[in-house]
Amino acid sequence: MLQQGPDASPVASEVLRGEEGASWMRALQVCGGLTDGILAVTHPAQYRAGFDAQIKMSMRASELRPYISQWPFAYTAVQVMVNRLTIHHRDKTGRPGWFDLLLSFGTYGDTAVVAFRNLGASVPYGTGSAVMVNSRVVIHAVPEVPPDRICYAFFMSDVAHEWLGIEDPGWSKVGDRRRGE
């Protein structure tokens, strides 16, 4: 879904409106289950906020219901990057306590990393990696690596949550992930 500014009504992106978009969403159902599971374990409150956003969006913007009913993720947005060098940056679309999920596919090679500049660290980022990052706070980058690679970046849109009146779930806390006794 797209939303241009805090007062604008969201619309389905051009990609999602056709059969190709519906096919893409169907093909990613299993992937959606995995991404949702990762988010539910790492930040249960953000996971719930994502589904709350979808429920409220389908009530407030009824023209989006067909797309929302097929959307395979708790995350409200996904960006697909192909063969792209990513310079050090922070993302401004989410809230400070939220996690984004980066999934890598393709030929990344043995030396591929995601670098976190303000943490002074990097983590391996080979094919099949899943990296959670607080992208609003942590400055991150992916250096140049061999071609034939794809990154799916899953994130929540602060503008959409604000428009829907979804309360900020805040930071993930260890106590949120403990099982009941």
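Residues numbered from 1 in each chain as written. Predicted model: local features only at pLDDT ≥ 70, side-chain atom pairs only at ≥ 80, totals over all residues. Heavy atoms only, no water.

### Things to note about the overall build of the chain
Then, number 1: Helix and strand counts for the chain stand at six helices and eight strands.
Then, number 2: Sequence-ordered secondary structure for the chain, helices as α and strands as β, is α-α-α-α-α-β-β-β-β-β-β-β-β-α.
Then, number 3: Its C-alpha radius of gyration of 17 Å places the chain within 12% of the 16 Å reference for a compact globule of 181 residues.
Then, number 4: With the C-alpha coordinates of the chain rotated into their principal frame, the extents come out at 45 × 45 × 35 Å.
Then, number 5: For the chain, with 181 residues in total, the buried portion stands at 43%.
Then, number 6: In the chain, of all internal contacts separated by at least 6 residues, the share reaching a separation of at least 24 is 77%. (Helix = DSSP H or I, 4+ residues; strand = E, 2+ residues; numbered from the N terminus. Rg over C-alpha atoms; globule rule 2.2 N^0.38 Å. Buried < 20%, exposed > 50% of the residue type's maximum accessible area, 1.4 Å probe, protein only. Contact = heavy atoms within 4.5 Å.)

### Details of the domain arrangement of the chain
Then, number 1: Domain annotation of the chain identifies domain 1 (14-77) and domain 2 (82-153).
Then, number 2: In this structure, domain 1 and domain 2 have C-alpha centres spaced 22 Å apart.
Then, number 3: Between domain 1 and domain 2, the contact holds eleven residues from the first and ten residues from the second.
Then, number 4: With both chains or domains summed, domain 1 and domain 2 bury close to 770 Å², and 69% of this area falls on carbon and sulfur atoms.
Then, number 5: Together, Ile38, Gln46 and Tyr75 form the three largest contributors to the area buried by domain 1 at its contact with domain 2, with a combined 46%.
Then, number 6: Connecting domain 1 to domain 2 are zero salt bridges. (Domains from an automatic or database assignment. Buried area = accessible area lost by both parts, 1.4 Å probe. Salt bridge = Lys/Arg side-chain N within 4 Å of Asp/Glu carboxyl O.)

### Let's talk about the pairing of strand S6 (residues 130-133)
Then, number 1: Side chains Val131 and Val133 project from S6 onto a buried face, and the interleaved Ala130 and Met132 project onto a face without burial.
Then, number 2: In this sheet, S6 lies alongside strand S3 (residues 100-106) in antiparallel orientation, the contact comprising four bridges. Counterpart to Leu103 in the pairing with S6 is Ala130. (Pairing = 2+ DSSP bridges.)

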